[in-house]
Amino acid sequence: MANEEKSRRDFMGMALGACAAVGGVGALYAAKRSWDPLPSVKAAGFTTIDLAGAKENQLTVEKWRGKPIFVLKKTADMPQDDRDVIIGSDRFHVSIGLCTHLGCIPAYRKDKQDFLCACHGGLFDISGKESFGPPPSPLEIPPFRIDGTKLVLGEAGPEYKKMLEAGITV
């Protein structure tokens, strides 16, 4: 009888321990899920731009993570630069459209083929390099990956990583 009582007590202890362990795992899983970003937030991290229909010397402004993204298909007579994003035989200027001085949005001047920040007169060339005024650095290039004729912003592909290693972007 004493032996049977001991085995029953052992079983109850193990059953209670198993229930507590399952409850603990469930609580940890729920806590982890509450810390993960929502699917809508994850989706906002990536923007896909199809460049198949891009027109030369025409600025397209997209939105990525609340920031304007400048995409400009360069013409053959525009100077080539290491900052160019090459898709097939086409070259593109891709940058975050915020002046690196105080965050104003520079205007693209099609006739002069440059970007002018009206806030303090900052001037950027066709490749986004600062050429006059107070901007301390070139227009930033967002992380990107090339997928055929599409540009996926928010994901660092091999082309972006090469630019990063070469010090072309930050």
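Below is a short write-up of the structure. Predicted model, so just to flag it, every value in this text is computed and none were measured.

1. Some points on the nonpolar core
Residues Val85, Phe144 and Leu151 are the most contacted members of the largest nonpolar core, which totals 17 residues. Where this core is concerned, the elements lending two or more residues are β3 (67-73), β4 (85-87), β5 (90-96), β10 (144-147), β11 (150-153) and α3 (158-165). The dominant element in this core, judged by the number of residues it contributes, is β5, at 3 residues. Setting aside chain neighbours within four positions, we find Phe144 in contact with Val85, Leu151, Val152, Leu153, Glu155, Ala156, Gly157, Glu159, Tyr160 and Met163. Counting residues in each nonpolar core, the second largest holds 11 residues, with Cys99, Cys104, Cys117 and Leu139 among its members.

2. Points about the pairing of β11
Inspection of the sheet shows strand β1 (residues 47-50) paired to β11 by 4 bridges, in the antiparallel sense. The residue bridging Ile49 from the neighbouring strand is Leu151, located in β11. Taken together, the 4 bridges between β10 and β11 define a ladder with antiparallel strand orientation. Along β11, the bridge assignment pairs Ile146 with Leu151. Between β10 and β11, which follow one another and run antiparallel, lie 2 residues, and Gly148 among them has a positive phi close to 70°.

Thresholds, definitions, all that
- Positions within a chain are numbered from 1, following the residues in the order the chain's sequence is written.
- Per-residue local features are limited, in this predicted model, to residues with pLDDT of at least 70; the limit for side-chain atom pairs, both in listing and counting, is 80 or more; totals at the level of whole chains, interfaces and linings are taken over all residues.
- Note: side-chain values were computed over all heavy atoms of the structure, leaving out hydrogens and water.
- As used here, the term nonpolar core means buried Ala, Val, Leu, Ile, Met, Phe, Trp, Tyr and Cys residues forming a set that is joined through side-chain atoms within 4.5 Å.
- Burial classification: accessible surface area is computed with a 1.4 Å probe over protein chains only, and a residue below 20% of its type maximum counts as buried, one above 50% as exposed, and the rest as partly exposed.
- The way it works is that DSSP assigns letters per residue, a run of H or I at least four long becomes a helix, a run of E at least two long becomes a strand, and they are numbered from the N terminus.
- Should any heavy atoms of two residues lie within 4.5 Å, those residues are counted as being in contact.
- Strands qualify as paired when DSSP identifies two bridges or more between them.

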